[in-house]
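# Chain and residue survey
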Amino acid sequence: MTIEHEDDAGPVPVFSGPVPHIRPVPVDRPWHWLQLGMADLGSAWRVSLTYGALIAAFSLALTLLVVGSGHVMLMLPLTSGFTLVAPLIAVGLYATSRDIGAGRGPDLRRALQAWKVNPLQVGFLGVLLLLLHLFWVRVATLMYALFFADLSPTLDSLTETLFQSGASLPFLIVGSLIGAGFAAVAFAVSVVSIPMLLDRRTNAFTAMATSITAVRVNLPAMALWAFIIVFLTAVGIATMFVGLIVTLPLIGHASWHAYKDMVTEQ
């Protein structure tokens, strides 16, 4: 016996709007993203380079503050952890690439206020990345205390302490493996999610799930993309952050195109 309801309107969807799907891409696709990112950098060079200069200046000021406070050992986890929060930092660059694609002229104010498009969800994901970064700094500090006991190197003796002492090799191996784990988690949950939160009215959990799926489906291409991001970031940091003026906008613009290339609604 079937009970019928006159007001039965049929099944109700769990999620509103189209469900995102991931498009498989070839392993060499990141080079194409870089080309598109370079094109956006050329089209919006004033906004992009100004944005990069602001981030570079802030990074340099933070480094000088850490050195001036005598906590030299914090430089290593802070700089190596830059990639953990870089997707959040680059949110204005994603917005600039979005504007270029929509035929709008790039605007620095709009780039700096890009997070306002979806503030709660971008803020939630940003807090998660910042907590992950702080946790990494704490773990790195504990590792240093474990391997180097009470050594407190100055800026001049930092290289000697890290690379020429008896504990250097195990410290660098363990630290690199743990740091890579943190970086892999941050990359998987954010490489697609933050651009997606700017592009669609969705929530952080859906965006993170989409990002993780994009990494899983396109693992070879995403591994190459992660290597390129780390390399370009390292170049930017190694030049006393001057290189970030160019490399950060390039990565940011290219990351937007990576998202648009992989995430589709059907």
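In what follows, the accompanying structure is described.

## Some remarks on the overall build of the protein
When helices and strands are tallied, the protein shows 13 helices and 2 strands. In the protein, buried positions account for 44% of the 266 residues. Put simply, 76% of the contacts in the protein that link residues at least 6 apart link residues at least 24 apart. When the accessible area of the protein is evaluated, it comes to approximately 14400 Å², of which 69% is carbon and sulfur surface.

## Examining the side chain of Asn118
Inspection of the secondary structure assignment puts Asn118 in the loop between α6 (108-112) and α7 (119-148). Residue Asn118 is classed as buried on the basis of its relative accessible area, which comes to 8%. A polar contact of 3.2 Å, which involves the side chain of Asn118, links it to the backbone oxygen of Thr202. If near-sequence neighbours (up to four positions away) are discounted, Asn118 is found in contact with Leu197, Arg200, Arg201 and Thr202.

## Focus on the packing of helix α2 (residues 45-68) against helix α13 (residues 244-262)
For the pair α2 and α13, the least separation of the axes is 8 Å and the interaxial angle reads 120°. Taken together, the axis directions place α2 and α13 in an arrangement best described as oblique. Of the two elements, α2 crosses α13, and the hand of that crossing is right-handed. The residues of α13 that touch α2, namely those facing Ser48, Leu49, Gly52, Ala53, Ile55, Ala56 and Ser59, are Leu244, Ile245, Val246, Leu248, Pro249 and His253.

## Examining helix α11 (residues 204-217)
With 14 residues, α11 extends 20 Å from end C-alpha to end C-alpha; this agrees with the ideal 20 Å at 1.5 Å per step. Considered for burial, the residues of α11 that qualify are Ala204, Ala207, Met208, Thr210, Ser211, Ala214 and Val215. The buried residues of α11 occupy an angular sector of 160° when projected down its axis, which confines them to one face. Of the residues in α11, the exposed ones pointing more than 90 degrees away from the buried face are Phe205 and Arg216. Where α11 starts, the residue carrying a side-chain oxygen 3.0 Å from the main-chain nitrogen of Phe205 turns out to be Asn203.

## Quick notes on a nonpolar patch on the surface
A cluster of nonpolar side chains, namely Phe124, Val127, Leu128, Leu131, Leu134 and Phe205, defines an oily patch on the protein surface of about 580 Å² accessible area. Residue contributions to the nonpolar patch peak at 5 residues, all from α7. Position of Leu131 among the secondary structure elements: in helix α7.

## Overview of unusual backbone geometry
Phi is positive for Met240, which is not a glycine, with a value near 55°. The topology assignment puts Met240 in the loop between α12 (219-238) and α13. On the basis of relative accessibility, which here comes to 51%, the residue Met240 falls in the exposed class. Unlike most non-glycine residues, Phe241 shows phi in positive territory, near 75°. Tracing the sequence through the fold places Phe241 in the loop between α12 and α13.

## Focus: the pattern of salt bridges
Enumeration over the complete set of coordinates arrives at 5 salt bridges. One salt bridge in this structure joins Arg110 and Asp99, with 2.7 Å as the shortest N-O distance. One end of the pair, Arg110, is in helix α6; the other, Asp99, is in helix α5 (residues 91-101), and 11 residues separate them in sequence. On the accessibility criterion, Arg110 (31% relative accessible area) is partly exposed. Judged by its relative accessible area of 2%, Asp99 is buried. Between Lys260 and Asp199 there is a salt bridge, with the nearest N and O atoms lying 3.3 Å from each other.

## Some words on the nonpolar core
If you look at the biggest cluster of nonpolar residues, it comprises 62 residues, and the most contacted ones within it are Trp33, Met222, Trp225 and Met262. If we ignore the near neighbours within four places in the chain, the residues touching Trp33 are Val25, Met222, Trp225, Ala254, His257, Ala258, Asp261 and Met262.

## Focus on the packing of aromatic side chains
As enumerated under the stated definition, the model contains 6 aromatic pairs in all. Geometrically, the ring pair formed by Trp136 and Phe182 is tilted, given 5.5 Å between the ring centres and 50° between the ring planes. In this pair, Trp136 sits in helix α7 while Phe182 sits in helix α9 (residues 168-190), placing the two residues 46 residues apart along the sequence. This pair shows no difference in class: Trp136 is buried, exactly as Phe182 is. Ring centres of Phe227 and Phe231 lie 6.5 Å apart, and the angle between their planes is 20°; on these two criteria the pair is classed as stacked.

Thresholds applied
- Residues numbered from 1 in each chain as written.
- Predicted model: local features only at pLDDT ≥ 70, side-chain atom pairs only at ≥ 80, totals over all residues.
- Heavy atoms only, no water.
- Helix = DSSP H or I, 4+ residues; strand = E, 2+ residues; numbered from the N terminus.
- Buried < 20%, exposed > 50% of the residue type's maximum accessible area, 1.4 Å probe, protein only.
- Contact = heavy atoms within 4.5 Å.
- Areas by Shrake-Rupley, 256 points an atom, 1.4 Å probe, with all protein chains shown as cover.
- Polar contact = N/O pair within 3.5 Å; in protein donor to acceptor, adjacent residues only side chain to side chain.
- Axes fitted to C-alpha atoms, helices over the stretch in contact; angles between N-to-C directions.
- Parallel < 35°, antiparallel > 145°, perpendicular 65-115°, else oblique.
- Left-handed = near helix turned anticlockwise from the far one by under 90°.
- Expected span 1.5 Å × (residues − 1).
- Arc of directions from axis to C-beta.
- Patch = residues over 30% accessible without salt bridge, like charges linked within 9 Å, V, L, I, M, F, W, Y side chains within 5 Å.
- Salt bridge = Lys/Arg side-chain N within 4 Å of Asp/Glu carboxyl O.
- Core = buried A, V, L, I, M, F, W, Y, C linked by side-chain atoms within 4.5 Å.
- Phe/Tyr/Trp six-rings, centres within 6.5 Å; stacked < 30°, edge-to-face > 60°.

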